[in-house]
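One letter stands for each residue in the lines below.
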Amino acid sequence: MLQHRSPPSYNAEKELVYLAVTAKRNRRNTASDLSRQLSSATGTTVSRQTVYRRLGHISLYARRLSRFSLQSNSCRTLIWRAPDTCYHQENTIARHRYGGARWLIFGGINLGSRTDLHVQSVTMTDHIYQDVILEQNVRLFRGVMGAEFLFMDDIARPHRANIVDECLQSEDITRMD
């Protein structure tokens, strides 16, 4: 059965133009923001779902890169954009993920004992790993544990540096594979 839709009214077309222009001007407005702005400007109240639907009819979608979410609490930054424009400059947000100080957190554990938890605000390098972790902690912990001591670390770059391997060999510390 075919449904016949009546043509949109003049006010609905004006509202759609308003929504489209507002969404394009500030791409980070949420559908709820656009709904409130439309209500404030025209006195017409529409739901956020209606905003999604109306903008979807003119190929504007709330997206972050190529992900789609109708949830306002999805913890994503949603932007209004046309299809196939996800990497255009106006649709990207510059973020610096790695910057500032790092934290070094170290602790040693064994079946019956453990070391204190050490927390320092430093960027981990192979020299800091050797001086702070190996020399001040692992070597002493190995002395307490005896010949059965087996050292385990992860595969971070500072842990696999040549000076770290040399230090472990000179102290006769066996590293777990």
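Computed from a prediction, not measured in an experiment: that's the story for all the values here. (Residues numbered from 1 in each chain as written. Predicted model: local features only at pLDDT ≥ 70, side-chain atom pairs only at ≥ 80, totals over all residues. Heavy atoms only, no water.)

Trainee: I'm lost on the overall build of the chain in this one. Help?
Mentor: Secondary structure summary: the chain contains five helices and five strands in total. Helices (α) and strands (β) of the chain occur, in sequence order from the N terminus, as α-α-α-β-β-β-β-β-α-α. When burial is assessed residue by residue, the chain has 28% of its 177 residues classed as buried. Partitioning the intrachain contacts of the chain with sequence separation of at least 6 by distance along the chain shows that 42% fall at a separation of at least 24. A total of about 12900 Å² of accessible surface is found on the chain, and carbon and sulfur atoms cover 51% of it. (Helix = DSSP H or I, 4+ residues; strand = E, 2+ residues; numbered from the N terminus. Buried < 20%, exposed > 50% of the residue type's maximum accessible area, 1.4 Å probe, protein only. Contact = heavy atoms within 4.5 Å. Areas by Shrake-Rupley, 256 points an atom, 1.4 Å probe, with all protein chains shown as cover.)

Trainee: How do you make sense of the packing of helix α2 (residues 31-42) against helix α3 (residues 48-57) when you look at a structure like this?
Mentor: Describing two packed helices takes the angle between their axes plus the distance from one axis to the other. Running from amino to carboxyl end, α2 crosses α3 at an angle of 95°, the nearest separation of the two axes being 8 Å. Classed by the angle they form, the pair α2 and α3 counts as roughly perpendicular. Together, Ala31, Ser32, Leu34 and Ser35 of α2 and Arg48, Val51, Tyr52 and Leu55 of α3 make up the contact between the two elements. Class assignment for the residues of the contact of α2 with α3 results in five nonpolar, two polar and one charged. (Axes fitted to C-alpha atoms, helices over the stretch in contact; angles between N-to-C directions. Parallel < 35°, antiparallel > 145°, perpendicular 65-115°, else oblique. Nonpolar A, V, L, I, M, F, W, Y, C, P; charged D, E, K, R; others polar.)

Trainee: Looking at this model, I keep getting lost on the confidence of the model for the chain. Mind explaining?
Mentor: Should pLDDT be low for a region, the predicted coordinates there are not to be read in detail. On average, the chain scores 75 in pLDDT, and the residues at 70 or more come to 77%. Across the chain, the element-wise mean pLDDT spans from 42 in strand β2 (residues 67-68) up to 89 in helix α5 (residues 162-170). pLDDT under 50 marks residues 63-72. Its contacts with residues more than four places away, or in other chains, come to 26 contacts. (pLDDT = per-residue confidence, 0-100.)

Trainee: Sorry, what's going on with a nonpolar patch on the surface here?
Mentor: A cluster of nonpolar residues, Trp103, Ile105, Leu117 and Val119, forms a patch on the protein surface that exposes about 490 Å² of accessible area. In this fold, Val119 is placed in strand β5 (residues 118-120). (Patch = residues over 30% accessible without salt bridge, like charges linked within 9 Å, V, L, I, M, F, W, Y side chains within 5 Å. Salt bridge = Lys/Arg side-chain N within 4 Å of Asp/Glu carboxyl O.)

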